[in-house]
Amino acid sequence: MQTPTAEEMEIRKGLDDLVQALRAKDIEALMAHYAAATIVFDIRPPLRIDSADAYRKNFEAWFASVDGPIDYEVHELLVTVRDDVAFCHGLCHVRSKRTNGEKADYWVRVTSGLQKMSDRWMITHEHISMPIDLRTMQAQPEFQS
């Protein structure tokens, strides 16, 4: 295994800070990681989001639907860095209690593209997906609540 570069360590630290903000439902700290012109393909409608401001609305809706903090774990994170661009992906396990009392427990795949802007790594593209069974078009059993 290669020793992570300083750039990779900086990106991993930023992603860890993002996860901490997401767990705490701290919208300001979370959105500080996204460039204004971020493009996102999400599992929550709208499925294509063309700015960080619009993406913020998805997070606000999600946070409002959750009672208490969000248990969010990142697994198998891979980070690749070249010059001022980086690419990372991993599997994320999400658990929470919805405001209607239901428990949520599911996995998503997250791929993020980052660009170094003014000496800071910012997310400029994100794609979130959930594995489905193509016969039923439903989330695979190990990936749903």
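Computed from a predicted structure; not experimentally measured.

*Asks:* For the environment of L47, give the residues involved together with the corresponding values.
*Replies:* Structurally, L47 is set in the loop between β1 (34–41) and β2 (48–49). Beyond its immediate chain neighbours, meaning those up to four positions away, L47 contacts V40, F41 and D42.

*Asks:* Residue-level account of the layout of surface pockets, with values.
*Replies:* In this structure, the largest pocket encloses a volume near 730 Å³. Around the largest pocket, the lining comprises 42 residues; the ones closest to its centre are W62, Y72, V94, V108 and V110. Of all the secondary structure elements, the ones that give two or more residues to the lining of the largest pocket are α1 (6–24), α3 (52–64), β3 (71–82), β4 (85–97), β5 (103–117) and β6 (120–129). Among the elements that make up the lining of the largest pocket, the one with the highest residue count is α1 (seven residues).

*Asks:* Please set out the pattern of salt bridges residue by residue, giving values where relevant.
*Replies:* Counted under the stated rule, the structure contains eleven salt bridges. The salt bridge partner of D50 is R48, with a shortest N-O separation of 2.6 Å. A relative accessible area of 48% places R48 in the partly exposed class. Measuring nitrogen to oxygen at the nearest pair gives 3.4 Å for the salt bridge that ties R98 to E102. We classify E102 as partly exposed; its relative accessible area is 43%. Shared partners join several salt bridges into a network, and the residues in it are E7, E10 and K116.

Parameters and conventions
- Residues numbered from 1 in each chain as written.
- Predicted model: local features only at pLDDT ≥ 70, side-chain atom pairs only at ≥ 80, totals over all residues.
- Heavy atoms only, no water.
- Helix = DSSP H or I, 4+ residues; strand = E, 2+ residues; numbered from the N terminus.
- Contact = heavy atoms within 4.5 Å.
- 1 Å grid on protein atoms, 1.4 Å probe; cavity = no way out; pocket = protein on both sides within 12 Å on 5 of 7 lines; lining within 4 Å.
- Points joined across faces, edges and corners; volume = space filled by probe spheres on them.
- Salt bridge = Lys/Arg side-chain N within 4 Å of Asp/Glu carboxyl O.
- Buried < 20%, exposed > 50% of the residue type's maximum accessible area, 1.4 Å probe, protein only.

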